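Chain by chain, the residues run as shown.
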Amino acid sequence: MDLALHLNLQDTTPLHQQLYEQIRDAILSGRLPPEQRLPASRALAQSLQVSRSTISLSYDRLLSEGYLETRVGSGTFVCAQLPETLLQAGAIASSPSIAPTTIQLSDYGQRLTAQPAWQPEERPEIHFRYGRSDMDLFPLALWRKLQSRHMAANRQWMDYTQDTLGSRPLREAIAQYLARSRAVRCHPDQVLITHGTQQAVQLIAQLLINPGDTIALENPGYVSSRKIFQARGAKVLSIPVDSDGIQIERLEQQCRQSTAPVRLVFVTPSHQFPTGALLPLSRRLQLLTWARQNGALIIEDDYDSEYRYSSRPIPALQGLEAQSPVLYIGTFAKMLFPGLRIGYLVVPEANIQSESPSTNASLSSSQTLIDVFGQARWLSDRHSSLLDQAILTDFITEGHLERHIRRMRLCYARRQRALVNALEEAFGNRVQFLGAAAGLHILVQFDLGLSHEAIHGRARAAGIGLENARLHYSVGAGMDESASEGKFILGYAELDEVAIALGIQRLAAALS
Ligand SMILES: Cc1ncc(COP(=O)(O)O)c(C=O)c1O
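Residues numbered from 1 in each chain as written. Predicted model: local features only at pLDDT ≥ 70, side-chain atom pairs only at ≥ 80, totals over all residues. Heavy atoms only, no water.

Quick word on the overall build of the protein chain
Next up, step 1: In terms of helices and strands, the protein chain carries 17 helices and 18 strands.
Next up, step 2: The proportion of buried residues among the 512 residues of the protein chain is 49%.
Next up, step 3: Sequence-distant contacts, at least 24 apart, represent 69% of the contacts inside the protein chain between residues at least 6 apart.
Next up, step 4: Total accessible area computed for the protein chain in this model is approximately 25200 Å², and 51% of it derives from carbon and sulfur atoms. (Helix = DSSP H or I, 4+ residues; strand = E, 2+ residues; numbered from the N terminus. Buried < 20%, exposed > 50% of the residue type's maximum accessible area, 1.4 Å probe, protein only. Contact = heavy atoms within 4.5 Å. Areas by Shrake-Rupley, 256 points an atom, 1.4 Å probe, with all protein chains shown as cover.)

Some details on empty space enclosed by the protein
Next up, step 1: Inspection of the entire model under this criterion finds one cavity of 30 Å³ or more.
Next up, step 2: What the largest cavity holds in volume is close to 50 Å³.
Next up, step 3: Lining the largest cavity we find Leu217, Glu218, Gly221, Tyr222, Ser225, Arg226 and Phe266.
Next up, step 4: In terms of residue class, the lining of the largest cavity is built from three nonpolar, two polar and two charged. (1 Å grid on protein atoms, 1.4 Å probe; cavity = no way out; pocket = protein on both sides within 12 Å on 5 of 7 lines; lining within 4 Å. Points joined across faces, edges and corners; volume = space filled by probe spheres on them. Nonpolar A, V, L, I, M, F, W, Y, C, P; charged D, E, K, R; others polar.)

Some thoughts on the site of the ligand
Next up, step 1: In the vicinity of the ligand, the contacting residues are Tyr130, Gly196, Thr197, Gln198, Tyr222, Phe273, Asp301, Tyr303, Thr331, Ala333, Lys334 and Arg341.
Next up, step 2: Within the complex, the protein chains bury 91% of what would otherwise be the 400 Å² of accessible surface of the ligand.
Next up, step 3: A majority-of-atoms criterion places the ligand in the largest pocket.
Next up, step 4: Those elements that provide at least two residues to the shell around the ligand are helix H8 (197–208) and helix H12 (332–335).
Next up, step 5: Looking at the shell around the ligand residue by residue, the class counts come to five nonpolar, four polar and three charged. (Near = heavy atom within 4 Å. Sits in = over half its atoms within 2 Å of the grid points.)

Overview of the sheet that holds strand S17 (residues 467–468)
Next up, step 1: Across the sheet, which stays open at both edges, the four strands sit in the order S14-S15-S18-S17 with antiparallel pairing between neighbours. This sheet does not close on itself; its edge strands, each paired only once, are strand S14 (431–434) and S17.
Next up, step 2: Each of strand S15 (441–446), S17 and strand S18 (487–491) is contacted by helix H16 (residues 452–461), which is oriented at about 35° to S18, the strand it contacts most. (Pairing = 2+ DSSP bridges. Axes fitted to C-alpha atoms, helices over the stretch in contact; angles between N-to-C directions.)

A few points about the layout of surface pockets
Next up, step 1: Taken as a whole, the largest pocket spans an internal volume of roughly 1700 Å³.
Next up, step 2: Together, 43 residues line the largest pocket, and Trp118, Val223, Ser224, Glu467 and Leu471 are the ones closest to its centre.
Next up, step 3: At the level of elements, helix H5 (107–113), H8, helix H9 (223–232), H12, H16 and S17 are the ones that each hand at least two residues to the lining of the largest pocket.
Next up, step 4: For the lining of the largest pocket, the element with the most residues is H9, which contributes seven residues.
Next up, step 5: Residues that form the lining of the largest pocket fall into these classes: 18 nonpolar, 15 polar and ten charged.
Next up, step 6: There are two domains that each give the lining of the largest pocket at least three residues, and those are domain 2 (138–401) and domain 3 (403–511).
Next up, step 7: Its boundaries defined by the atoms lining it, the second largest pocket holds a volume of some 480 Å³.
Next up, step 8: Every residue lining the second largest pocket is counted, 20 residues in all, and those nearest its centre are Leu208, Arg263, Asn351, Ile352 and Leu369.
Next up, step 9: Elements with a minimum of two residues in the lining of the second largest pocket: H8, strand S8 (262–267), helix H11 (281–294), strand S12 (351–355) and helix H13 (369–381).
Next up, step 10: With five residues, S12 is the single largest residue contributor to the lining of the second largest pocket.
Next up, step 11: Grouping the amino acids of the lining of the second largest pocket by side-chain chemistry returns 13 nonpolar, four polar and three charged. (Domains from an automatic or database assignment.)

Focus on the domain arrangement of the protein chain
Next up, step 1: Along its sequence, the protein chain is carved into domain 1 (15–94), domain 2 (138–401) and domain 3 (403–511).
Next up, step 2: Its C-alpha centre places domain 1 at a distance of 55 Å from the equivalent point of domain 2.

Considerations on the environment of leucine 401
Next up, step 1: With respect to the secondary-structure elements, leucine 401 resides in helix H15 (residues 400–427).
Next up, step 2: Sequence spacing of leucine 401 and phenylalanine 332 is 69 residues, and the spatial spacing of their C-alpha atoms is 9.9 Å.
Next up, step 3: With residues up to four places along the chain from it excluded, the contact list for leucine 401 reads Tyr177, Phe332, Met335, Leu336, Phe395 and Ile396.

Comments concerning helix H3 (residues 52–64)
Next up, step 1: The terminal C-alpha atoms of H3 lie 18 Å apart, and with 13 residues this matches the ideal 18 Å at 1.5 Å per residue to within 8%.
Next up, step 2: For H3, the set of buried residues is Thr54, Ile55, Ser58, Tyr59 and Leu62. Projection of H3 onto a plane perpendicular to its axis shows the buried side chains occupying an angular sector of 120°, all on one side.
Next up, step 3: Next to the buried residues of H3 lie helix H1 (15–28), helix H2 (41–48), strand S1 (68–71) and strand S2 (75–78).
Next up, step 4: Glycine 66 sits one or two residues past H3 and shows a positive phi near 90°. (Expected span 1.5 Å × (residues − 1). Arc of directions from axis to C-beta.)

Details of the sheet that holds strand S7 (residues 245–246)
Next up, step 1: If you trace the eight strands from one edge of the open sheet to the other, you get S4-S11-S10-S9-S8-S5-S6-S7, paired in mixed fashion. For this open sheet the edge positions go to strand S4 (191–194) and S7, each flanked by a neighbour on one side alone.
Next up, step 2: Sheet topology places strand S6 (residues 235–242) next to S7; two bridges connect them, and they run antiparallel. Residue valine 241 lies in a different strand from S7, and its bridge partner there is isoleucine 246.
Next up, step 3: Along the sheet face, helix H10 (residues 248–257) touches strand S5 (214–219), S6, S7 and S8 and points at about 155° away from the line of S6.
Next up, step 4: Packing against the sheet, H11 makes contact with S6, S7, S8, strand S9 (297–301) and strand S10 (326–331), and its axis sits at approximately 160° to S8.

Observations concerning the pattern of salt bridges
Next up, step 1: Summed over the entire model, instances satisfying the criterion amount to 23 salt bridges.
Next up, step 2: The closest approach of N and O atoms between glutamate 125 and arginine 506, which form a salt bridge, is 3.0 Å. Note that glutamate 125 is positioned in the loop between H5 and strand S3 (126–127) and arginine 506 in helix H17 (residues 497–511), a separation of 381 residues in sequence.
Next up, step 3: We classify arginine 506 as partly exposed; its relative accessible area is 26%.
Next up, step 4: Two residues, glutamate 481 and arginine 470, come together in a salt bridge whose shortest N-O distance is 3.6 Å. With glutamate 481 in the loop between S17 and S18 and arginine 470 in the loop between S17 and S18, this residue pair connects regions lying eleven residues apart in the sequence.
Next up, step 5: Taken together, the salt bridges that share partners define one network made up of Asp163, Arg168, Arg171, Glu172 and Asp189. (Salt bridge = Lys/Arg side-chain N within 4 Å of Asp/Glu carboxyl O.)

This is the structure:
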């Protein structure tokens, strides 16, 4: 056992006394728990570079005071039962005698604390939880088989990678998958493997947005992205969404009124979050034109469009034109499982411009935009688990991914139908729902003459969890609290049809 002790040779306190006090404090504070074996005196003397008698003197005193005990043939241990009086002394010793230190946060840290803090989820009995796939239906045995295969093949997965963009075979597999299923146009060298959507947006904000820059977000829109840009210090224009997604005329109008150019716009065109609207082709083309004319970039968050029920998957915005000004983000959180923490960012092919600090002149750099994303990723957290990347590569190239998606699409479609039927049966025309064409959630609006809080509270009391849509609405700029009144996000992917029917029955009883 390594015992972290520090003896100060300059101190006038004898070394055995220093040692005695430090071991005693470690016992009283619980750092050395009861029955913990202590290092042998010879070994400790060697590691601290002191004489063995120094160690013996301090051990003897701790033994005589009842902190330590010896067991013949086994060594010296912390006493199993510490006398009450010693524990009281410990309480005194560990009680803070000085006020906790106050730390000055950076501007970023302060903007972060201005946001509502993340709260751990409660677990009601039946939770219409959003953002989860059904983990019980995941082909775990197959995943384990692929894992064993890679673990046995070699030990490269234990090392750092040389590739700052992520494993090349995985990037190739993703580029091919995206071309096939989402009509995304990209080369594997435009693909950066990330720890999911959140990291992709974080890197974009770091590399492309300065504090004070103006950006545009959908309203309502994905709150986790809004938080990233707000913490970054961006000025946010909230662009209203209607049943066809982001309103391009409103974007153009607010952009004209803005004193600073809009650097980028964040959209969820294939399944607007949280309303579920599908951005029609005409608006997609308008958006691309707007971006080109204004020198802005579009972030396309394509988070769950693999699950489309009422029509064929629609092609991504990114692939509508060659060299589109689109940063395309996808994630395996919904296709597979969120704990995997693997996603991807497709970066447009572009060179970068940098300012020379001495002359303020714009310089063209030989680096491309994707190179810089790779560097930022490497600096931030190096790379994703190489073992997981290798497993995922096989999972995609051997056809398991698309097979899994097809199977889950049928299952989620059944669950969604069960939810919609149960809602209609229980609430009739007092409930409206949006976004049923795709994804793993619907947006529900109750019209029951009950306040938002009452609906939430009564549901919770009946053991039913509903996700509050209010979080994703930005109040101000033409939108007030009434826009989200009675609106809840109902995720259905994790619950089977029986649980869904029972949950809605109980909800109806609680709200009647
Ligand atoms: C709009 C949107 N984008 C992306 C994600 C997935 O994010 P991540 O890949 O960071 O888990 C979610 C998750 O729920 C989401 O709602």
